[in-house]
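# Geometric and topological summary
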Amino acid sequence: MNGGYMKHTLYCGSYGNEGIYQVEEENGFFSQPQLFSRISGTKYLCVDQEHIVSLYSEGKGKSGVAVLDKQGNMLASLIYEDILSCFVSSKDGNILTANYHEGTFSFLKYESGEIILKKKVLIKEKAGCHQLFAFKEYYLGFALNMDTVYVFDQNYDCMYRIAFPTGSGPRHGTVSEDGKWLYVVSELSNEVYLVSTEDWTVKDRVQLTDQKTDGSAAIRLYENRLYVSVRGLDKVYEIAIEKDLLKVIASYDSGGKHPRDMIVIDGVVICANTHSSMLVSVSRDGVIDSVDIPEAVTVDWV
């Protein structure tokens, strides 16, 4: 590998009970994965400068979240759910989870070495709650089966609902660097929506594919480009943002089966291909490298 490229440390969660894996990446090439922490329930995780925050399970009916240090030691955990959530994010000690089956969003706080559940909001059983993250003074919660993104205030009360077309299924989103736009991917209709954060209205949308398929999953922003994984087609779609309009400009293979999650580092797309148990780096030119990780389902880096 070229010594001029920066090395990054990736953390990858698993659908199975293996735990969290650690992989070094440089210019799209991987080191051999190492088992970083042997904990269960790591189907989504997030990473910051000091910690890894992961979903966590102690068995049937005992699910929650855990905070680990960069050596893989568990610093704190909290069991507060009967069914494991599907998403977790963390910022400034605020831990946020979304539970697809329960139809809930949970707001937690990590402070003084302890995780505290501040509030749990029930949208509706099986509402398909799939993502919750902090944005400015708000929290944005995505409920796939309700075709709605909920905007919560600092008291965790819903202050606004962004409605999407019936059956579209808004799954995940990301925000522009200037904070003016929210980009939303819909799992069921395979579309990407452009939403103004000034008035929470949809300004544009683009269709990724006309093929009927198991839907779109992850969405990432890198240098005025959006990247979306579509699991049923095992593809990554690249979308240009031109004068606040969206345009699909490329699609390419994810290098495996069922890319449920992905990240983009220096223009290289890294896919967690769950059904083929592979972490794969790809670009428009094809596959760069791959490593085996059992039921790879989520990947993050710092």
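One structure accompanies this document, and this report is about it. Predicted model, so just to flag it, every value in this text is computed and none were measured. (Residues numbered from 1 in each chain as written. Predicted model: local features only at pLDDT ≥ 70, side-chain atom pairs only at ≥ 80, totals over all residues. Heavy atoms only, no water.)

## Looking at the sheet that holds strand β23 (residues 235-242)
Inclusion rule: Two strands pair if DSSP finds at least two bridges between them. Only DSSP runs of H or I covering at least 4 residues are called helices, and only runs of E covering at least 2 are called strands; the numbering of each starts at the N terminus. As a rule, the C-alpha atoms of each element are fitted with a line to give its axis, helices using only the stretch in contact, and angles between N-to-C directions run from 0 to 180 degrees.
Spatially, the four strands line up as an open sheet ordered β21-β22-β23-β24, and their pairing is antiparallel. In this open sheet, the two strands that pair with only one neighbour each are β21 (216-222) and β24 (245-253). If you compare each strand with its neighbour and ignore which way they point, the axes differ by 25° on average.

## Some words on the nonpolar core
The cut-off we apply is this: The definition of a nonpolar core used throughout is a set of buried Ala, Val, Leu, Ile, Met, Phe, Trp, Tyr and Cys residues joined through side-chain atoms within 4.5 Å. Any residue under 20% of the maximum accessible area for its type is buried, any over 50% is exposed, and the rest in between are partly exposed; the area is computed with a 1.4 Å probe on protein chains only. The contact definition used throughout considers only heavy atoms, calling two residues in contact when any of these lie within 4.5 Å.
Counting residues in hydrophobic clusters, the biggest one holds 29 residues, and the most contacted among them are Val65, Ile95, Phe105, Phe107 and Phe152. Contacts of Val65, omitting those with residues within four sequence positions, involve Ser54, Leu55, Tyr56, Ala76, Ser77, Leu78, Tyr80, Val88, Ile95, Thr97, Leu108 and Ile115.

## What about the packing of aromatic side chains?
The criterion, for reference: The pairing test for Phe, Tyr and Trp rings, Trp by its six-membered ring, is centres within 6.5 Å, and the orientation test on the planes gives stacked under 30 degrees, edge-to-face over 60, and tilted for anything in between.
Under the counting rule described, the total for this entry stands at 13 aromatic pairs. With a centroid separation of 5.1 Å and 70° between ring planes, the pair formed by Tyr11 and Phe36 is classed as edge-to-face. In this pair, Tyr11 sits in strand β1 (residues 7-14) while Phe36 sits in strand β4 (residues 34-37), placing the two residues 25 residues apart along the sequence. Note on Tyr139 and Tyr156: the rings are 5.7 Å apart at their centroids and 45° apart in plane angle, and the pair reads as tilted. Separated by 17 residues along the polypeptide, Tyr139 in strand β14 (residues 138-143) and Tyr156 in the loop between β15 (148-152) and β16 (158-163) bring together distant segments of the chain. Classification of Tyr139 as buried rests on a relative accessible area of 4%. Residue class for Tyr156 comes out buried when judged on its relative accessible area of 14%. Cluster of aromatic residues (ring-pair linked, three or more members): Phe105, Phe107, Tyr139, Tyr150, Phe152 and Tyr156.

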